[in-house]
Amino acid sequence: VLQLVFQDECAVNRGVAHWTDGQGDERIFHSAGEWLYALDAKTGKPVPGFGRGGRISHKDGFDTDVFFFSVGNNTPGLVWKDLLILGSTTGEGPQPCPPGHIRAFDVRTGERKWIFHTIPHPGEFGYDTWAQDSWKKVGSANSWAGFTLDVGRGIVFMGTGSPANDKWGGNRPGAGWFGNCTLALDAATGQRLWHFQAVHHDLWDYDLPTPPVLAQLVRGGRTIDCVVQPTKMGHLFVLDRATGEPLFPVEEVPVLQSDIPGEVSY
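Just so it is clear, the structure is predicted and the values come from calculations on it, not from any experiment.

**Q** How should I be thinking about the side chain of serine 31 in this particular structure?
**A** Inspection of the secondary structure puts serine 31 in strand 2 (residues 26–32). Not counting residues within four places of it along the chain, the set of residues in contact with serine 31 comprises Asn13, Leu36, His58 and Asn73.

**Q** What is the right way to look at the pairing of strand 11 (residues 181–186) in this model?
**A** Within a regular strand, side chains alternate between the sheet's two faces. Of all six residues in strand 11, five are buried, a share of seventy percent or more. Both strand 10 (residues 155–159) and strand 11 contribute to a ladder of five bridges, which runs antiparallel. From the neighbouring strand, glycine 159 faces strand 11, where its bridge partner is threonine 182. Where strand 11 meets strand 12 (residues 192–197), five bridges bridge the pair, whose relative direction is antiparallel. If you follow leucine 185 over to strand 12, its bridge partner there is arginine 192. Between strand 11 and strand 12, which follow one another and run antiparallel, lie five residues, and glycine 190 among them has a positive phi close to 80°.

**Q** How should the sheet that holds strand 1 (residues 17–20) be read in this particular structure?
**A** Backbone hydrogen bonds hold the strands of a sheet together, and the pairing may be parallel or antiparallel. Pairing in this open sheet of four strands is antiparallel, and the strands run 1-2-3-4 from one edge to the other. The outermost strands of the open sheet, each flanked by one partner alone, are strand 1 and strand 4 (55–57). Each adjacent strand pair in this sheet contributes to an overall mean axis angle of 20°, direction not counted.

**Q** What should I look at first to understand the sheet that holds strand 6 (residues 83–86) in this one?
**A** One open sheet accounts for four strands, arranged 5-6-7-8; its pairing is antiparallel. Two strands close off the open sheet at either side, each with one partner strand: strand 5 (78–80) and strand 8 (112–116). Taking the axes of each pair of neighbouring strands and ignoring which way they run, one obtains an average angle of 25° across the sheet. Relative to strand 6, strand 5 runs antiparallel, the two being bridged by three bridges. Across the sheet, residue leucine 78 finds its bridge partner in strand 6, namely isoleucine 85.

Here is what the cut-offs are and how they apply
Residues numbered from 1 in each chain as written. Predicted model: local features only at pLDDT ≥ 70, side-chain atom pairs only at ≥ 80, totals over all residues. Heavy atoms only, no water. Helix = DSSP H or I, 4+ residues; strand = E, 2+ residues; numbered from the N terminus. Contact = heavy atoms within 4.5 Å. Buried < 20%, exposed > 50% of the residue type's maximum accessible area, 1.4 Å probe, protein only. Pairing = 2+ DSSP bridges. Axes fitted to C-alpha atoms, helices over the stretch in contact; angles between N-to-C directions.

See below:
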């Protein structure tokens, strides 16, 4: 009985995503374990032309081999036009785990259309905030809590978790962009527009546990579009929606240096 309860808890999924072309093709996307299913909304049957018999693996399209890792998704993807944008659940413990890259797939075929490397590859923005080989062997920095979308601007927003290991960082020296970040991507291309890192080099599993909330702030008679990012630490970061600039002062404070061999606090 305990084993069955444990398995059921691990299989929790927070919803589904819906897409229609407005002309009769209507699909429901749902995750179960390793798989992302495309179902005909009228019949509930898998859509034959999507991926492999109506499903794709959450291990698809990572730009690195994740075959031996556990990858799932406990939140629904976000539909933007003909794209399904996906985060992932990857684990953050001491065992090896896959990177938490953000990917978008064609809603009709299941083909990957773009990827954003949350652990940057060589030559990419943010690569110098990691060790040179981090992109090969460090995992997580994933978006597991879902997304929000500014439809007018075509911007998808998310909060990301800590890199693995989530309570020791000697294997991943550096500030570690784009872990623990509010991240804004062009929904059509996956291009980074801006990011705000709430925790540098996380040592306490301070994931950003929700996507930021779209809001408006009135200041000096002017309405400013913003996003509000809650954190596990009880903070609310209010950021300009177009630029990521904080709309209230953010104080950078020094932290105690770790005395654990190999660890460097930031």
